[in-house]
Amino acid sequence: MATLPNPLPALAADPSGRSLGLGLPLGRLIDETDDGPWHEPLLWHAEYAASSGAWTALGARAARTGLLPVLIEVGGSQGGPEEWELMPGEMSYPGDHDPEELLAEYWEYAIGEPDEPDAAVAPYDEAWPGLAPGPGSLPADPDARAAETADALLDEGSWFKEPRLALVPARRSADIPAAIGWTGPLNYEQDVARLCAVLRSWEDRFGIRVLALGFDRLVLSVAAPPTTGDEAEAVAAEHFAFCPDTITQGDHETLREYAEHAVRGKRVWSFWWD
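Keep in mind it's a predicted model, so treat the numbers as computed, not measured.

## Topic: the nonpolar core
In step 1: One finds Leu199, Trp202, Leu213, Leu218, Phe242, Trp269 and Phe271 to be the most contacted residues of the largest nonpolar core, which totals 63 residues.
In step 2: Looking at this core, the element that brings in the most residues is helix H6 (residues 192-206), giving nine residues.
In step 3: Ala46, Ala62, Ala147 and Leu167 belong to the second largest nonpolar core, which has 24 residues in total.

## Details of the packing of helix H3 (residues 99-111) against helix H7 (residues 229-242)
In step 1: Contact geometry of H3 with H7 gives a least axis separation of 8 Å together with a crossing angle of 75 degrees. Relative to H7, H3 is oriented roughly perpendicular. In contact with Leu103, Tyr106, Trp107, Ala110 and Ile111 of H3, H7 contributes Ala237, Glu238, Phe240, Ala241 and Phe242.
In step 2: Within the contact of H3 with H7, the residues separate by chemical class into nine nonpolar, no polar and one charged.

## Focus on the packing of aromatic side chains
In step 1: Following the criterion strictly, the structure yields 13 aromatic pairs and no others.
In step 2: The rings of Trp182, Trp202, Phe206, Phe242, Trp269, Phe271 and Trp273 are connected pair by pair, giving a single aromatic cluster.

## A closer look at a negative patch on the surface
In step 1: Together, Asp34, Asp35, Glu85 and Glu90 line one region of the surface with negative charge.
In step 2: You can see glutamate 85 is positioned in the loop between strand E5 (67-73) and H3.
In step 3: A relative accessible area of 36% places glutamate 85 in the partly exposed class.

## Here's the deal with the side chain of serine 173
In step 1: Note that serine 173 resides in the loop between strand E6 (163-169) and helix H5 (176-179).
In step 2: In this structure serine 173 touches Leu68, Glu203, Arg209 and Val210, once residues within four positions along its chain are discounted.

## Quick look at the pattern of salt bridges
In step 1: Counted according to the given criterion, the structure contains 15 salt bridges.
In step 2: With its nearest N and O atoms 2.9 Å apart, the salt bridge here joins arginine 267 to glutamate 148. Note that arginine 267 is positioned in the loop between helix H9 (255-263) and strand E9 (268-272) and glutamate 148 in helix H4 (residues 142-156), a separation of 119 residues in sequence.
In step 3: Here arginine 267 falls in the partly exposed class, since its relative accessible area comes to 42%.
In step 4: Among the ionic pairs, glutamate 203 bridges to arginine 209, the shortest N-O distance being 3.9 Å. Of the two residues examined, glutamate 203 and arginine 209, each falls in the buried class.
In step 5: One salt-bridge network, in which partners are shared between bridges, spans Asp143, Arg172, Glu203, Asp204 and Arg209.

## Overview of the layout of surface pockets
In step 1: Here the largest pocket is characterised by a volume of approximately 430 Å³.
In step 2: Considering the residues around the largest pocket, the lining is formed by 19 residues, among which Trp159, Tyr258, Ala262, Val268 and Ser270 are closest to the centre.
In step 3: Elements supplying a minimum of two residues to the lining of the largest pocket: helix H8 (245-248), H9 and E9.
In step 4: At five residues, E9 tops the list of elements feeding residues into the lining of the largest pocket.
In step 5: A breakdown of the residues in the lining of the largest pocket according to their chemical character gives eight nonpolar, six polar and five charged.

## What about H6?
In step 1: Its 15 residues place the ends of H6 20 Å apart at the C-alpha level, agreeing with the 21 Å of an ideal helix rising 1.5 Å per residue.
In step 2: Counted residue by residue, H6 has 14 buried out of 15 residues, so it is predominantly covered.
In step 3: Looking one or two residues beyond H6, the residue adopting positive phi is glycine 207, at roughly 70 degrees.

## With respect to the environment of arginine 209
In step 1: Along the chain, the position of arginine 209 falls in strand E7 (residues 208-213).
In step 2: On the basis of relative accessibility, which here comes to 16%, the residue arginine 209 falls in the buried class.
In step 3: When the C-alpha atoms of arginine 209 and lysine 161 are compared, they prove to be 21 Å apart, with 48 residues separating the residues in sequence.
In step 4: Non-local contacts of arginine 209, meaning those with residues more than four positions away in its chain, are made with Pro142, Asp143, Ala146, Ser173, Glu203, Val219, Leu220 and Ser221.

## Notes on the sheet that holds E9
In step 1: Taking strand neighbours across the sheet as the criterion, the seven strands line up as E1-E4-E6-E5-E7-E8-E9 in an open arrangement whose pairing is mixed. Because the sheet does not close on itself, it has two edges, and the strands there are strand E1 (27-30) and E9. Adjacent strand axes in the sheet meet at a mean angle of 30 degrees when their direction is disregarded.
In step 2: Bridge analysis of strand E4 (residues 43-46) against E6 gives two bridges, and the strand direction is antiparallel. Looking across to E6, one finds that tryptophan 44 is bridged to leucine 167.
In step 3: The strands that H6 touches are E7, strand E8 (217-222) and E9; relative to E7, the one it contacts most, it runs at about 130 degrees.

Analysis parameters
Residues numbered from 1 in each chain as written. Predicted model: local features only at pLDDT ≥ 70, side-chain atom pairs only at ≥ 80, totals over all residues. Heavy atoms only, no water. Core = buried A, V, L, I, M, F, W, Y, C linked by side-chain atoms within 4.5 Å. Buried < 20%, exposed > 50% of the residue type's maximum accessible area, 1.4 Å probe, protein only. Helix = DSSP H or I, 4+ residues; strand = E, 2+ residues; numbered from the N terminus. Axes fitted to C-alpha atoms, helices over the stretch in contact; angles between N-to-C directions. Parallel < 35°, antiparallel > 145°, perpendicular 65-115°, else oblique. Contact = heavy atoms within 4.5 Å. Nonpolar A, V, L, I, M, F, W, Y, C, P; charged D, E, K, R; others polar. Phe/Tyr/Trp six-rings, centres within 6.5 Å; stacked < 30°, edge-to-face > 60°. Patch = residues over 30% accessible without salt bridge, like charges linked within 9 Å, V, L, I, M, F, W, Y side chains within 5 Å. Areas by Shrake-Rupley, 256 points an atom, 1.4 Å probe, with all protein chains shown as cover. Salt bridge = Lys/Arg side-chain N within 4 Å of Asp/Glu carboxyl O. Lys, Arg positive; Asp, Glu negative; His and termini not counted. Charge placed at Lys NZ, Arg CZ, Asp CG, Glu CD. 1 Å grid on protein atoms, 1.4 Å probe; cavity = no way out; pocket = protein on both sides within 12 Å on 5 of 7 lines; lining within 4 Å. Points joined across faces, edges and corners; volume = space filled by probe spheres on them. Expected span 1.5 Å × (residues − 1). Pairing = 2+ DSSP bridges.

Remember that the coordinates give geometry; whether it matters functionally is a separate question.
Written out as structure tokens, the structure is:
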């Protein structure tokens, strides 16, 4: 994957990040991949649990250095990123992929699963319905919404067991999974940069930011969620193509039900791959 100059190596000699204008808490650099140590750090994450205000305090300053914030869940059964199967060398570049072509391909695959009932994706059928329109202009600043949402989820305390604030060298938030070689969706898509191409499209249309990553879970903040039933169903179709487990193994039995309860007006989108 094509990358920007990585500021993280500077933290090896300057753990506080003062030379970068950061003032970091105690943390660690992660360079371990499925194939052994990477040639440079993939991310930094704090040693202690993130609390409300951590994203706001560090996010904007870090972004000016080329480091983007994300919450990392280290308390799951698979541990933190040191134990994850990171494969940065296997990832392509998100900008090389067309998101609508990818979603159409994913839709065809997901809809073709032999045990998938047609009723589950109503009002749609086997034909890819196309991209959902965005609102045209974003009603909230996506970075401000991400900070606000991160604070709210950390305050709530039910989303994460042991969240850590992390910094990743990436061009844009949508690229974070590919930048670290995240393999959470490995059983569905081996090149997560292809999914990041879809995330880029959601960035442009709905103002999403990659808010959190677990071993196989992705959480997004949303600046402009759909507000009508039809709009929500169109977005839900994209979610189904992006991550079929959202519907087939989630709390909602149909796409229409998922659209109403997990998409319409929701400032958080969450995905999990089996």
